[in-house]
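Below, each chain spelled out in residue letters.
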Amino acid sequence: GGGINHYTYAIEPAFTSEQEEREVLTELWPKLAKELNAFVVHCPKSIFSPTRLENTLVLHGKACTLTVDFHQQFTAQQVNSGTVGEAQVVFRHILKNLCKSQMYQKVGRRFFNNDDAMSGKSATMVFPSFYSYLGNFGGTCCPHMHIDASFRAVHRKTIVEYVAGSLDGASPWSFDEPSVAAMWREKCVGAIVVTSYNNRIYRIKDVRFDLTPRSELTLCVRDDKNVKSRQSTFVQYYQAYYQKELTEFRQPLLEAIPDRRNEQIFLVPEFCCPTGFNDDIRKDKATMQEVIKTTKLSPSERFVSSMHLAGEISKCSLDERRKEHRLMQDWSLKVSPEPTEVEGRQLEALQVEFGKKAFQIEEGNFQRWMRNGLQCSVNLYNWLFIYPESDVAVLDIWLRSLRDIAQVAFEMHIGDPQRVICSDQCTDLPDVLEKHVTPSTQMVLLLTPSKDSTKVYRLFKQYTTVTLPVITQVVKSETIRKRQNIAAVLSRIVLQINAKFAGPLWHIPLDNVALKPLFFDATMVVGIDVYSSLDGEQCMGFTASLNTSATEYYSMATMLPQGMQTETMALKIQEFFRDALLEFAKRNDGTAPQHVVVYRGSVNTQDLMTIRDFEVKAFNMVLDAMECTADGGDR
């Protein structure tokens, strides 16, 4: 074919919101289709089409004008070599439509088959799914469709039961209680749920405490000629369409992420079941084993499943009766059902080192060796021990055992703590912390009864993070009374404490020939990731290793203001990278890293150009400044 043509567009008069821009594009969509036939719009300001326009295209709407200008062309040769740049959005659009043809529902980056759920013997079901994306191998061949099959566990418990079971007996309808509202958000926001009445899968955006099943909604009823709307409540809707009767009218509604931007989707928690591995599954060993057995596929099973899916997608694209065939023709593309063979290599077995001892890692797991010491132990001299009066009888024996395990097994010294009794922890804990925590307090260890333990834990962690920042460790009172596996339990507590003080527990030797020259000379590993909330807020995390074994770190985080994320991130990378280099030199007797490896998480292919122009440039500016200061003889 003729390749992919990249156009830019402008709207006059200009709009300030993305929503207004989308409304204009929707209005002019038929006119664009007439001129371009097939096209993909990528906001902001880009249109991709196989059709080449000879002149500037001007389209007039009711209150604005859309001007479309040719920007560049990705030739067929470039596409086949994997050089597609921003045009990657075209292949994502095609891939999404091809996958939908298999009756899979897209949620996030995964496609779920909600018609083929498998029931297990336990309190779970399993949904088949697959993850798919487009990529190429080093720009040396045409874009490839990457497919990987997987399964996702679905719980038979509803969201209401799940939340109520996490509240230690508190009413799940007491939304005025901050801990109850926080628990609803913790368990629901960002979760993937399945509706029990039609097996549809959704990702939850928010918990709407201002809505209940008795709230009204607008129903759109379509007939052959038009669309009519009428008012109904959620109670009436479920009765009429699914013959479902609600049992609790105080429950809030869950707002899900819609397929279309102009839609809103609300779900009733009583009819939603959570998916994935949660605390309930992990506590039940029989359920956990069954779910793992069902969801964990061997490489050969994944290959067979992926081959079957690729074959079905290819067959669909060749069927002239289907719209997917027309889509492939419009873009002069085809899907090959045959996999591409690439060379692979098997890495040597790794070792894990605990200071003086080293052990072979077996099947990616070295849990059994964790009792063999630490790489670097810490010492506690000034710490606070808070406990209820009901634990006094067993306190001395437990504390002595904890200190003995720390000293004998891990060469970690734990001194005598300052002891404080606090029985009504929900009420008195903040005052106790205010009175006894000082700037020299190394740690606070809290024993908490099972009753209200979730509420106390949340209060304690929030107070010692925001108001009085200090390292903390929480242990349930029932734990110190257990006699079974007491040594293993105490060892885990000691290891957790040591890790919280940035004391490395273990490390993997990195001076491997396969990595040379990395880690044979001074090497820094940098990690960058961006967290995006469902409300659109973004936060960047930055971490950099300070020693050869990459077990000590400098880390920082910052919010990214909306509308200036890219520019702010570039500036913050310069600031954090500069400070990390100074910390590295301080840690290594003035030696700067000879090599810097940067891992950037959460990146889509279409973002690579922006990352190169801003983030990579930010790193280079700091390194260039280092060279200049070195040449000038100043630090």
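Description of the structure in this document. Since the structure is predicted, the reported quantities are computational estimates derived from the model, not experimental observations. (Residues numbered from 1 in each chain as written. Predicted model: local features only at pLDDT ≥ 70, side-chain atom pairs only at ≥ 80, totals over all residues. Heavy atoms only, no water.)

1. Structural notes on the overall build of the protein chain
- For the protein chain, the helix and strand inventory stands at 16 helices and 27 strands.
- Considered along the principal axes of its C-alpha atoms, the protein chain spans approximately 85 × 75 × 50 Å.
- Of all 635 residues assigned to the protein chain, the portion counted as buried reaches 41%.
- Here the contacts in the protein chain between residues at least 6 apart in sequence split such that 63% fall between residues at least 24 apart.
- Working note: accessible area of the protein chain is about 36200 Å², and carbon and sulfur atoms make up 50% of it.
- Side chains of the protein chain carry 71 positive and 76 negative charges; the gap between the two charge centres is 5 Å. (Helix = DSSP H or I, 4+ residues; strand = E, 2+ residues; numbered from the N terminus. Buried < 20%, exposed > 50% of the residue type's maximum accessible area, 1.4 Å probe, protein only. Contact = heavy atoms within 4.5 Å. Areas by Shrake-Rupley, 256 points an atom, 1.4 Å probe, with all protein chains shown as cover. Lys, Arg positive; Asp, Glu negative; His and termini not counted. Charge placed at Lys NZ, Arg CZ, Asp CG, Glu CD.)

2. As for the packing of helix α9 (residues 299–318) against helix α10 (residues 323–330)
- Closest axis-to-axis distance for the α9/α10 pair is 6 Å, and the angle between their directions is 80°. Judged on the interaxial angle alone, α10 and α9 are roughly perpendicular. Of the residues in α10, those touching α9 at Cys 316, Ser 317 and Leu 318 are Glu 324, His 325 and Met 328. (Axes fitted to C-alpha atoms, helices over the stretch in contact; angles between N-to-C directions. Parallel < 35°, antiparallel > 145°, perpendicular 65-115°, else oblique.)

3. Some remarks on the side chain of Asn 5
- Among the secondary structure elements, Asn 5 is positioned in strand β1 (residues 4–12).
- The class for Asn 5 is buried, based on a relative accessible area of 0%.
- In terms of polar contacts, Asn 5 uses its side chain to reach the side chain of Gln 73, at 3.2 Å.
- Asn 5 has contacts with Ile 47, Phe 48, Ser 49, Pro 50, Thr 51, Arg 52, Phe 70, Gln 72 and Gln 73, leaving out every residue within four places of it along the chain. (Polar contact = N/O pair within 3.5 Å; in protein donor to acceptor, adjacent residues only side chain to side chain.)

4. Notes on the packing of aromatic side chains
- If you walk through the whole model with that rule in mind, you get 22 aromatic pairs.
- Between the aromatic rings of Tyr 237 and Tyr 242, the centroid separation amounts to 6.0 Å while the plane-to-plane angle is 75°, which identifies the pairing as edge-to-face.
- Arranged with centres 4.3 Å apart and planes meeting at 10°, the rings of Phe 359 and Trp 369 form a pair that is stacked. Residue Phe 359 is found in strand β19 (residues 357–360), and its partner Trp 369 is found in the loop between β19 and β20 (383–387); the two are separated by 10 residues along the sequence.
- Assessed through its relative accessible area of 17%, Phe 359 is described here as buried.
- Pairwise contacts between aromatic rings join Tyr 197, Tyr 237, Tyr 238, Tyr 241, Tyr 242 and Phe 271 into one cluster. (Phe/Tyr/Trp six-rings, centres within 6.5 Å; stacked < 30°, edge-to-face > 60°.)

5. A word on the packing of helix α11 (residues 392–410) against helix α14 (residues 486–500)
- Axis separation between α11 and α14 bottoms out at 9 Å; the angle between their running directions is 70°. In terms of axis orientation, α11 runs roughly perpendicular to α14. Contacts between α11 and α14 involve Trp 398, Ser 401, Leu 402, Ile 405, Ala 406 and Phe 410 on the former and, on the latter, Ala 487, Leu 490, Ser 491, Ile 493, Val 494 and Leu 495.
- Looking at the contact of α11 with α14 residue by residue, the class counts come to 10 nonpolar, two polar and no charged. (Nonpolar A, V, L, I, M, F, W, Y, C, P; charged D, E, K, R; others polar.)

Take it as geometry only, folks, not as evidence of what the structure does.
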